[in-house]
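As a plain string of letters, each chain reads:
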Amino acid sequence: MATTNATFRVWRGDAARGEFRDYATAVSDGMVVLDAVHRLQAEQAGDLAVRWNCKAGKCGSCSAEINGKPRLMCMTRLNELDLEQPVTLEPMRAFPLIRDLVTDVSWNYEAKRGIRRFRPRPADAADGTWRMQQADVERVQEFRKCIECFLCQDVCHVLRDHRLFDRFVGPRHAVYAAALEMQPLDADDRVNDLAGAHGLGYCNITKCCTTVCPESIAITDNAIIPLKERVVDRLYDPVARMFRMLRGGHHV
């Protein structure tokens, strides 16, 4: 097994202060960034804080910024990187730093709790079951692949740069809302929430969230844009508004 030396420039510190430190170590074929971090912990930096769990790209725990790009450390192979240069490892910038590579992502769970939960419509068959089209099943299956790594939240400029955590739930939760809104068995209505409390209008569909998704979910095209269309149809379409006025109701 071929080995080589590589330098990792790792952010060390907490919310008060910190700095990048260089660590040189031997790496071998087949290693991923998380392997190298574990080697650093074992040999040079036993107090290096890092969050991880499955090491298989399914738990979303080891999110970090590798050479400035939000990625999963367990899914980033070293042979994809230029090891002639130091590999820079730093925590996700959108969230409060706890220590080293670990950030506080608890806001995401608070935001998720603010989205209306699944509410099943009445059964449409005599035996108390439901009927739905296979195409409708497949449409929402994509959204269920989300592993909540929050890389899309990290790269979203509305959260990362403008810090509008109190106004926009972010792309991950747009995916969650889309999975419910497009679920044919769901009877609830989240359109007004999306336009208001969830701040969907702040997204200007740059697709940066889609670019970093490790599950290749088409966040922008399949979740955010269709939700935006629902908001526009409901709240801003003049024909629909006239129809609502004539009916004396609030919904089309």
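Residues numbered from 1 in each chain as written. Predicted model: local features only at pLDDT ≥ 70, side-chain atom pairs only at ≥ 80, totals over all residues. Heavy atoms only, no water.

A separate point is the packing of helix α2 (residues 106-113) against helix α6 (residues 171-181). Contact pair α2 / α6: the axes reach a minimum separation of 10 Å and the direction vectors enclose 30°. Classified by the angle between their axes, α2 and α6 sit roughly parallel to one another. α6 is crossed by α2, and the crossing has right-handed handedness. Residues Asn-108, Ala-111 and Lys-112 of α2 lie in contact with α6, whose contacting residues are Arg-172, His-173 and Tyr-176. When its residues are assigned to classes, the contact of α2 with α6 shows two nonpolar, two polar and two charged. (Axes fitted to C-alpha atoms, helices over the stretch in contact; angles between N-to-C directions. Helix = DSSP H or I, 4+ residues; strand = E, 2+ residues; numbered from the N terminus. Parallel < 35°, antiparallel > 145°, perpendicular 65-115°, else oblique. Left-handed = near helix turned anticlockwise from the far one by under 90°. Contact = heavy atoms within 4.5 Å. Nonpolar A, V, L, I, M, F, W, Y, C, P; charged D, E, K, R; others polar.)

Okay, the layout of surface pockets next. In this structure, the largest pocket occupies an estimated 220 Å³ of space. Taken together, 13 residues make up the lining of the largest pocket; nearest its centre are Phe-143, Arg-144, Tyr-176, Ala-179 and Leu-180. Of all elements in the fold, only α3 (134-141) and α6 reach the threshold of two or more residues within the lining of the largest pocket. A per-element tally of the lining of the largest pocket places α6 first, with five residues. Tallied by class, the residues present in the lining of the largest pocket amount to eight nonpolar, two polar and three charged. (1 Å grid on protein atoms, 1.4 Å probe; cavity = no way out; pocket = protein on both sides within 12 Å on 5 of 7 lines; lining within 4 Å. Points joined across faces, edges and corners; volume = space filled by probe spheres on them.)

Moving on: the environment of Cys-54. Within the fold, Cys-54 resides in the loop between α1 (33-43) and β3 (63-66). Sequence-wise, Cys-54 and Cys-74 are 20 residues apart; in three dimensions their C-alpha atoms are separated by 8.7 Å.

A few words now on the sheet that holds strand β2 (residues 18-28). Taken together, the five strands give an open sheet; going across it, the order is β2-β1-β5-β3-β4, and neighbouring strands pair in mixed fashion. Only two strands of the sheet have a single neighbouring strand rather than two, namely β2 and β4 (69-72). Recorded for the sheet is a direction-independent mean angle of 35° between the axes of neighbouring strands. Each of β1 (3-13), β2, β3 and β5 (87-90) touches α1; the most contacted strand, β2, lies at about 105° to it. (Pairing = 2+ DSSP bridges.)

Further remarks concern the packing of α6 against helix α9 (residues 219-235). Where α6 contacts α9, the axes come no closer than 9 Å and their chain directions differ by 70°. When the axes of α6 and α9 are compared, the pair comes out roughly perpendicular. Crossing handedness for the pair α6 and α9: left-handed. On α9, the residues touching Pro-171, Ala-174, Val-175, Ala-177, Ala-178 and Glu-181 of α6 are Ile-219, Ala-223, Ile-224, Leu-227 and Arg-230. Across the contact of α6 with α9, the residue classes tally to nine nonpolar, no polar and two charged.

The subject of this paragraph is the pairing of β3. The alternating pattern of β3 places Ser-63 and Glu-65 on one face and Ala-64 and Ile-66 on the opposite face, and all of these are buried. Bridging between β3 and β4 involves four bridges; their strand directions are antiparallel. The partner of Ala-64 across the bridge, within β4, is Arg-71. Here β3 folds back onto β4, and the loop between the two strands holds two residues, one of which, Asn-67, carries a positive phi near 50°. Alignment of β3 against β5, held across two bridges, turns out to be antiparallel. For Glu-65, the partnering residue across the bridge sits in β5 and is Glu-90. (Buried < 20%, exposed > 50% of the residue type's maximum accessible area, 1.4 Å probe, protein only.)

This part is about the packing of aromatic side chains. Here the structure, examined in full by the defined rule, presents four aromatic pairs. A ring pair is formed by Trp-11 and Phe-20, whose centres lie 5.3 Å apart and whose planes are at 75°; its orientation type is edge-to-face. The interplanar angle of 80° and the centroid separation of 4.9 Å between the aromatic rings of Trp-107 and Phe-165 together place this pair among those described as edge-to-face. With Trp-107 in helix α2 and Phe-165 in the loop between α5 (157-160) and α6, this residue pair connects regions lying 58 residues apart in the sequence. Taking the relative accessible area as the measure of exposure, Trp-107 reaches 21% and is therefore partly exposed. (Phe/Tyr/Trp six-rings, centres within 6.5 Å; stacked < 30°, edge-to-face > 60°.)

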